[in-house]
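# Per-entry structural report
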Amino acid sequence: MKIKVKLYGEPALKHGPEIEIEVKEGTRVGDVLAMLKISETDHHLLINEKKVAKDHPLNEGDVL
């Protein structure tokens, strides 16, 4: 499934301000952060503009 990831600050400089990635069903926010090598403690985690935890599951079309 595809999701969009919006990044700010240093992660945006490294990966770009917005990227679209393909993830497996059952992927969680923390899994994406690990893939992109982004610290989960230094950032606000939002899915579709709602604050979530790193264990929040992702769905097709989500914006992280």
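Structural notes, computed from the coordinates. (Residues numbered from 1 in each chain as written. Predicted model: local features only at pLDDT ≥ 70, side-chain atom pairs only at ≥ 80, totals over all residues. Heavy atoms only, no water.)

## Digging into the environment of Lys-4
Within the secondary structure, Lys-4 is located in strand 1 (residues 2-6). Not counting residues up to four positions away in its chain, the partners in contact with Lys-4 are Glu-18, Ile-19, Glu-20, Asp-62, Val-63 and Leu-64. (Helix = DSSP H or I, 4+ residues; strand = E, 2+ residues; numbered from the N terminus. Contact = heavy atoms within 4.5 Å.)

## Some thoughts on the nonpolar core
A general feature of soluble globular proteins is that nonpolar side chains tend to end up buried together. Ranked by internal contacts, the top residues of the largest apolar core, which has 18 residues, are Ile-3, Val-5, Ile-21, Val-29, Val-32 and Leu-58. Those elements that place two or more of their residues in this core are strand 1, strand 2 (18-22) and helix 2 (29-35). The leading source of residues in this core is helix 2, at three residues. Setting aside residues no more than four positions away along its own chain, Val-32 makes contact with Ile-3, Val-5, Ile-21, Val-23, Thr-27, Leu-58 and Leu-64. (Core = buried A, V, L, I, M, F, W, Y, C linked by side-chain atoms within 4.5 Å. Buried < 20%, exposed > 50% of the residue type's maximum accessible area, 1.4 Å probe, protein only.)

## Description of the pairing of strand 2
Taking every second residue as pointing to the same face, the buried face of strand 2 carries Ile-19 and Ile-21, while none of Glu-18, Glu-20 and Glu-22 on the other face is buried. Summarising the sheet, strand 1 and strand 2 pair through five bridges and their orientation is antiparallel. Bridge pairing in strand 2 places Lys-2 opposite Glu-22. (Pairing = 2+ DSSP bridges.)

## Quick look at the pattern of salt bridges
Tallied over the entire structure, the rule returns two salt bridges. In this structure, Glu-20 and Lys-2 form a salt bridge, with 3.9 Å as the shortest nitrogen-oxygen distance. Here Glu-20, found in strand 2, pairs with Lys-2, found in strand 1; they are 18 residues apart in sequence, far enough to count as distant. With a closest N to O distance of 3.8 Å, Lys-4 and Glu-18 form a salt bridge. Separated by 14 residues along the polypeptide, Lys-4 in strand 1 and Glu-18 in strand 2 bring together distant segments of the chain. (Salt bridge = Lys/Arg side-chain N within 4 Å of Asp/Glu carboxyl O.)

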